[in-house]
Every structure is written in C-alpha cells, then in structure tokens.
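# Per-entry structural report
Residue-level listing of the chains:
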Amino acid sequence: RVGASHVRWVDDFVVWGAAADVRRSLAALAAAAAEVGLELHLDKTRLLSDREEARTVLLGERESSIIAAP
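Figured I'd write up the structure that's included with this text. Bear in mind that the values here come from a model prediction, so they are computed numbers and not experimental data.

## Some remarks on the overall build of the protein chain
When you go through the protein chain residue by residue, the secondary structure sums to two helices and two strands. Starting at the N terminus and ending at the C terminus, the protein chain contains elements arranged as β-β-α-α. For the protein chain, the proportion of its 70 residues judged to be buried stands at 9%. In the protein chain, once contacts between residues fewer than 6 apart in sequence are set aside, the share between residues at least 24 apart is 8%. Summed over all atoms, the accessible surface of the protein chain reaches about 6300 Å², with 55% contributed by carbon and sulfur.

## Observations concerning the environment of Leu 29
With respect to the helices and strands, Leu 29 occurs in helix H1 (residues 19–35). On the accessibility criterion, Leu 29 (28% relative accessible area) is partly exposed. Residues in contact with Leu 29, not counting those within four places in the same chain, are Phe 13 and Leu 40.

## Some thoughts on a nonpolar patch on the surface
On the surface, a nonpolar cluster with roughly 290 Å² of combined accessible area is contributed by Leu 48, Val 57, Leu 58 and Leu 59. Tracing the backbone through its elements, the reader meets Val 57 in helix H2 (residues 51–59).

## Structural notes on H1
Between the first and last C-alpha of H1 there are 25 Å, a value that for 17 residues agrees with the 24 Å anticipated at 1.5 Å per step. Among the residues of H1, those classed as buried are Asp 21, Val 22, Ser 25 and Ala 33. The buried side chains of H1 occupy one side of the element, clustering within an arc of 105° when seen end-on. Counted as exposed and oriented over 90 degrees from the buried face of H1: Arg 23, Ala 34 and Glu 35. In the segment just after H1, Gly 37 is the residue with positive phi, at about 80°.

## What about H2?
Between the side-chain oxygen of the N-cap and the backbone nitrogen of Glu 52 there are 3.2 Å, and the N-cap of H2 in question is Asp 50. One or two steps after H2, the chain reaches Gly 60, where phi turns positive at roughly 85°.

Cut-off values and rules
- Residues numbered from 1 in each chain as written.
- Predicted model: local features only at pLDDT ≥ 70, side-chain atom pairs only at ≥ 80, totals over all residues.
- Heavy atoms only, no water.
- Helix = DSSP H or I, 4+ residues; strand = E, 2+ residues; numbered from the N terminus.
- Buried < 20%, exposed > 50% of the residue type's maximum accessible area, 1.4 Å probe, protein only.
- Contact = heavy atoms within 4.5 Å.
- Areas by Shrake-Rupley, 256 points an atom, 1.4 Å probe, with all protein chains shown as cover.
- Patch = residues over 30% accessible without salt bridge, like charges linked within 9 Å, V, L, I, M, F, W, Y side chains within 5 Å.
- Salt bridge = Lys/Arg side-chain N within 4 Å of Asp/Glu carboxyl O.
- Expected span 1.5 Å × (residues − 1).
- Arc of directions from axis to C-beta.
- Polar contact = N/O pair within 3.5 Å; in protein donor to acceptor, adjacent residues only side chain to side chain.

In structure tokens:
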C-alpha cells in the first residue's frame, strides 16, 4: 500500500521501488512487526543503492555456493 513492490522468502523481505516508497515500506513493516511483538533485526536490514549491489547481496559472489555452477 505504500507504493513499493516486494518479495518474501521465508522470513526475509526484499523491497524495491522509489527510495521514498521503500523507506515508507520499511517503516510500515517495522510498525506491523511491533504490533505483534516482533522487531526488525537492524544489523540485517539495509538499503541498497542499485541493482548490482542488490544482486551481490542477495545472490553472493559468482563463486558463492548459493549459486549453482552452470
């Protein structure tokens, strides 16, 4: 409802869109979590500046075991 898109994987969220929309999403998520007694893990929460940075963080480096070898 705040203008950003998201995908959820188990207990992780990736949110993308305009910077202001992403910040509103983060605030809304923190508020919703607080309503049920949860909080975001701030050491694991970060804003990424571009697609390449997101790809590296989400998928790891090319040699990472997260990515299957071609």
